[in-house]
Structure formats: structure tokens, C-alpha cells
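Analysis of the macromolecular model
Chain by chain, the residues run as shown.
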Amino acid sequence: MAGASEVTAPNVAVFGSITCDVLVQCDALPKPGETVLGGPSYELAAGGKGANQAYAAAAAGATVEMVCRVGGRGGDEALEEDAFAQVASAGLRRRKVAMRTHTDFERRTALATVATCRSSGENQIIVAAGANAALTAAQFEEQSAALASGRADPTRPWAVILQGEVPPEANWEVAAKAHAAGAFVLLNNAPARRVPHEACRHLDMIAVNEGEAMTTCKHFGLLVDELRSSDSQQSSDVVQALQCGGDGEASRAVEAARCLFVATGVPVCLTLGSHGAVVFNEEEAVTVRQTLEVKVVSTVGAGDASLGALIAALVEQRPLEEALRRATAAGTLACSGEGAQDAAPDDEAITKAARQLVSRTVAAARSGYAAR
């Protein structure tokens, strides 16, 4: 196990992916079958949704551990992490994230190619899972200091973040173990996968973006256009609060997030980029409209920065409205820099920007929600 022991046990455990990113800028993203010239240079950077969220949570003030798996190489004298692993973990070590790393000598560290359009900041990403595909719940059980602390002191607030870039069965097992030990368990269902109903019992929040909201609904057999119920007025009120009525995809994603909450009984956090964010829960929908002005350099890692700030605020037991303002501020500020981790803002910047945002609640109907 890598990483020195900590005086204070982590209050956020990230169980998830870590990658080495190959970053290339281009004037236009390629269409299917098309080759475009980028660069002329490229960069190697740390990435992976799990690692990005761990970095962002630490930047936002949380004490974080990262349970992950990297590739190894064998030499004549020693066995060690491969070169990509060293790149992938460098940022986390700088942020003093406690690394709970297993080195897999049968696999390579995960690699992602990230192409970013210079003018719009939009990106295309392809990930080769590598060692991420072999991450296990047993490793979490063996290495997580946060889990051990949670079991020893059930009153201590702590949280776990999961993502869709590692084996889903491992996620569901970790969710059950962490939930039983008193953790707040957040699933970032990205890439969107089917979430078993049994697993939902161990989740405290599901976080998705526009596309992931729609895809996750489909995995539950929910067709958003056919699910207009008496409470669709709540979705309309949310759309109005976020002022995204002119964006058809965003409006449909709002309804998808509401339907997902109805189907699972798990609060759903929907991030909508330039429009802001909303959380649907049993009492209400909490919205934050994005009104900060920033120059967009890249959107890579913005969602991860947002969720890292969100979990850091929630584990500090800040009110949901404040936590969502901080999350929206962090995601927006991250768009103004390059690098999925380097662009993540620190606690001071988040606090200053969050003061400029306004949250609004939209009441929910008292019927039609699934029981947990």
C-alpha cells in the first residue's frame, strides 16, 4: 500500500479510476472517419474521474484518500509502477491525497486521449481502462482508513464517491460496506450504466450530467417523453428557475433527473454546465443558476471539479443549497483553466465565487415518489 499514514483519518474516500491523459488541442473535433491535425504539441497529465474528483475534493478543503489500481512493470532488479502511473498520481500526491494504490503487474495504467477544440472548449475523450478494470471491493475493505474510522466511530461524518469507470459489481459492494458504516455514498454514474434497484438502497445521491441523465433513465426502462405526470410542473418550474427553457436537451434532462428520482427514491444531482445545477429530493428541488462570467478554456474535468466541491461541502454538513452553490462555482471556475486537475479551484476561490450565486427551491408533490 502506497502513502504514509495520516494523523487524521480521511473524511472523503474516492473509490475509482485513475488515468494518464494525453491532451491534444485542435481547431475542430473530428467527425467519424475523419483525421484532423492537432497540436503541434501534446501534454501528458493526470486524469480519471475518480482521481479528478479526489483532487477537487482535496482542493475544496476535504481530507481525502484515493483507493485505486495502477499498472506495473517488472525489471531485472525490482517491480514498480509503470511510467503512466507516476504521471497519473503526481497531482494527487501534490494535493496530499492519501494514495491507497494496488500495483497490477498484469495490466497497464489506464490511458485517456482527450481532444479539445480551441475555440469552444468542447472535447472528445476515449479511455482504455487498463488496471481500472480490475479494481475490487476487497481492496477498499483492506486499505480504506476512512472505512475503518467510520466503523470505529459511527458518529463521524464521512463520504464515499463512486464512478462508472471501474467494475460496477465492485461499486455496489463498496456502496453497501460504506453505507453500513455510516458513509454518505455518492454515485457519479459516468459513463452511465445500469444501476440495480438493490444497489440504490445503499446510495445517498446519484450525480449525472445531461446525457448521463437520459441514458440512466433508459437503463431503468424509463422513456422521459412518456413519463409526463402530474408533477411534471415541478420540472417546468425548475427549467424556469434555471432559465434553460430555450435548450431542449437541458429541459429534457431536467425531466429525466426528476423521473430518475421518482424511480429510485435516491436524490439526484443534475449538472447542466452553463445553465447551473439542480438536486431533486423528496422535499423539494434545489436549483442554482450559473451566472458567473468566465472565459472558457476547456470543459475537461469541470463536472469532476463540481462533484469534488459538492462532496467536500456535504461532508462538512453544509446546507444543500450552499453545497450546490459551491459545486456550481467550482465547475464553472474549472472551465477557465487547462488540465482536469490543475484547473480545479481551491476553497478560497470557491467561497468567493459561490457568494455570487443564488439558490432557489421548487416544491415537490407529496405523492408518486418511490420509497427507499
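Just so you know, the residues in each chain are numbered from 1, in the order the chain's sequence is written. Totals for whole chains, interfaces and linings use all residues, but because this is a predicted model, local features are given only for residues with pLDDT of at least 70 and pairs of side-chain atoms are given and counted only at 80 or more. Just so you know, side-chain values use all the structure's heavy atoms and leave hydrogens and water out.

With that settled, consider the overall build of the protein. Secondary structure follows DSSP: runs of H or I at least 4 residues long count as helices, runs of E at least 2 residues long count as strands, and numbering of each begins at the N terminus. A count of helical and extended segments in the protein gives 12 helices and 15 strands. In terms of overall size, the protein behaves like a compact globule, its C-alpha atoms giving a radius of gyration of 20 Å where 372 residues would be expected to give roughly 21 Å. Judged by the C-alpha coordinates and their principal axes, the protein covers about 70 × 55 × 40 Å. The buried label applies to any residue whose accessible area, calculated with a 1.4 Å probe on protein chains only, is under 20% of its type's maximum; exposed applies above 50%, and partly exposed to all values in between. Buried residues in the protein amount to 55% of all 372 residues. In this treatment the radius of gyration is a C-alpha quantity, and the globule benchmark scales as 2.2 Å times the residue count to the 0.38 power.

Put simply, a salt bridge is a Lys or Arg side-chain nitrogen that is within 4 Å of an Asp or Glu carboxyl oxygen. In the structure shown here, the tally under the stated rule is 16 salt bridges. Across the pair E255 and R258 runs a salt bridge whose closest N-O atoms are separated by 2.9 Å. Taken together, the residues E255 and R258, both in helix 9 (residues 248-264) and three residues apart, mark about one turn of the helix. Of the residues examined, R258 reaches a relative accessible area of 2% and is grouped as buried. Among the charged side chains, a network of salt bridges with common partners joins E141, R151, E173 and K177.

All right, on to the confidence of the model for the protein then. Low pLDDT means the predicted atomic positions in that stretch should not be read closely. Here the protein shows a mean pLDDT of 90. Residues at 70 or above account for 92%. pLDDT under 50 marks residues 1-6. Its contacts with residues more than four places away, or in other chains, come to 11 contacts. pLDDT expresses how confident the predictor is about each individual residue, on a scale running from 0 to 100. The contact rule is simple, with two residues in contact once any of their heavy atoms fall within 4.5 Å. Segment residues 366-372 is flagged for pLDDT under 50; beyond a separation of four residues in sequence, or across chains, it makes 19 contacts in the model.

Looking now at unusual backbone geometry. Between G39 and P40 the backbone carries a cis peptide bond, its omega angle lying at 15 degrees. A cis amide bond links A190 with the next residue in sequence, P191, at an omega value of -10 degrees. Here P191 lies in the loop between strand 10 (184-188) and helix 6 (197-200). A positive phi angle is found at Q243, which is not glycine, with a value near 55 degrees.

This next bit is on the nonpolar core. One broad trend across soluble globular proteins is that nonpolar side chains are buried collectively. Counting 55 residues, the largest nonpolar core has V64, L92 and L310 as the members making the most contacts within it. The dominant element in this core, judged by the number of residues it contributes, is helix 10 (residues 302-315), at 10 residues. The contacts of V64, once residues within four sequence positions are left out, are P10, V12, V14, A54, A57, A58, K96, V97 and A98. What we call a nonpolar core is a set of buried Ala, Val, Leu, Ile, Met, Phe, Trp, Tyr and Cys residues that are connected through their side-chain atoms within 4.5 Å. Counting residues in hydrophobic clusters, the runner-up holds 52 residues, among them F15, L162, V239 and A250.

Turning our eyes to something else, we now look at the packing of helix 7 (residues 210-219) against helix 9. Relative orientation of the contacting elements helix 7 and helix 9 amounts to 45 degrees, with a least axis distance of 8 Å. Taken as axis vectors, helix 7 and helix 9 run oblique relative to one another. For the crossing formed where helix 7 meets helix 9, the hand is left-handed. Side by side, helix 7 and helix 9 meet where E210, A213, M214, T216 and C217 of the first sit next to E249, A250, R252, A253, A256, C259 and L260 of the second. When residues are sorted by character, Ala, Val, Leu, Ile, Met, Phe, Trp, Tyr, Cys and Pro go into the nonpolar class, Asp, Glu, Lys and Arg into the charged class, and all the rest, Gly among them, into the polar class. Its residues assigned to classes, the contact of helix 7 with helix 9 comprises eight nonpolar, one polar and three charged. All axes here are fitted lines through C-alpha atoms, helices being fitted over the stretch that makes contact, and every angle between N-to-C directions spans 0 to 180 degrees. Oblique is the label for any angle not covered by the other classes, which are roughly parallel (under 35 degrees), roughly antiparallel (over 145) and roughly perpendicular (65 to 115). Should the near helix be turned counterclockwise from the far one by less than a right angle, the crossing is left-handed, whereas a clockwise turn marks it as right-handed.

What follows covers the sheet that holds strand 2 (residues 19-26). The four strands lie next to each other as 3-2-7-8, forming an open sheet whose pairing is mixed. Because the sheet does not close on itself, it has two edges, and the strands there are strand 3 (43-47) and strand 8 (123-128). Taken pair by pair, the neighbouring strands of this sheet meet at an average axis angle of 25 degrees, ignoring direction. One requirement defines pairing of two strands: DSSP has to find at least two bridges between them. In this structure, strand 7 (residues 110-117) lies alongside strand 8, joined through six bridges in antiparallel fashion. Within strand 8, the residue paired with L111 across the bridge is A128.

Before going further, it helps to examine the pairing of strand 10. Within strand 10, four of the five residues are buried, leaving the element largely enclosed by the surrounding structure. Strand direction decides the pairing type here: strand 9 (residues 159-163) and strand 10, joined by five bridges, are parallel. Its bridge partner lying in strand 10, I161 is registered against L186. When the strands point away from the viewer and the connection leading from the first strand across the helix to the second strand turns clockwise, the crossover is called right-handed. In this fold, strand 9 hands off to helix 5 (residues 168-180), which returns the chain to strand 10; that crossover is right-handed. Taken together, the three bridges between strand 10 and strand 11 (residues 205-208) define a ladder with parallel strand orientation. Residue pairing in the sheet places L186 in a bridge with M205 of strand 11.

Attention shifts here to the packing of aromatic side chains. Centre-to-centre distance and the angle between the planes together describe a pair of aromatic rings. Aromatic pairing here means that ring centres of Phe, Tyr or Trp (its six-membered ring) are within 6.5 Å. Orientation follows from the plane angle: under 30 degrees is stacked, over 60 is edge-to-face, and everything else is tilted. Under the criterion given, the structure shown has one aromatic pair. Geometrically, the ring pair formed by F15 and F140 is edge-to-face, given 5.9 Å between the ring centres and 80 degrees between the ring planes. Residue F15 is found in strand 1 (residues 12-15), and its partner F140 is found in helix 3 (residues 137-143); the two are separated by 125 residues along the sequence. Per residue, the accessibility class of F15 equals that of F140, and both read buried.

Moving on, we come to helix 2 (residues 83-94). A helix is expected to reach a length of 1.5 Å times the quantity of its residues less one. Given a rise of 1.5 Å per residue, 12 residues ought to cover 16 Å, and the 17 Å separating the end C-alpha atoms of helix 2 matches this to within 8%. Turning to helix 2, its buried residues number three or more, namely A85, A88, S89, G91 and L92. Taken end-on, helix 2 shows its buried residues confined to a sector of 140 degrees, consistent with a single buried face. Immediately downstream of helix 2, the backbone of K96 shows phi near 60 degrees, a positive value. Relevant arc is that of directions from the helix axis to the C-beta atoms, nothing else.

Here A115 lies in strand 7. It is 37 Å that separates the C-alpha atoms of A115 and H179, two residues lying 64 residues apart in sequence. With residues near it in sequence (within four places) discarded, A115 still touches V24, L29, E122, N123 and Q124.

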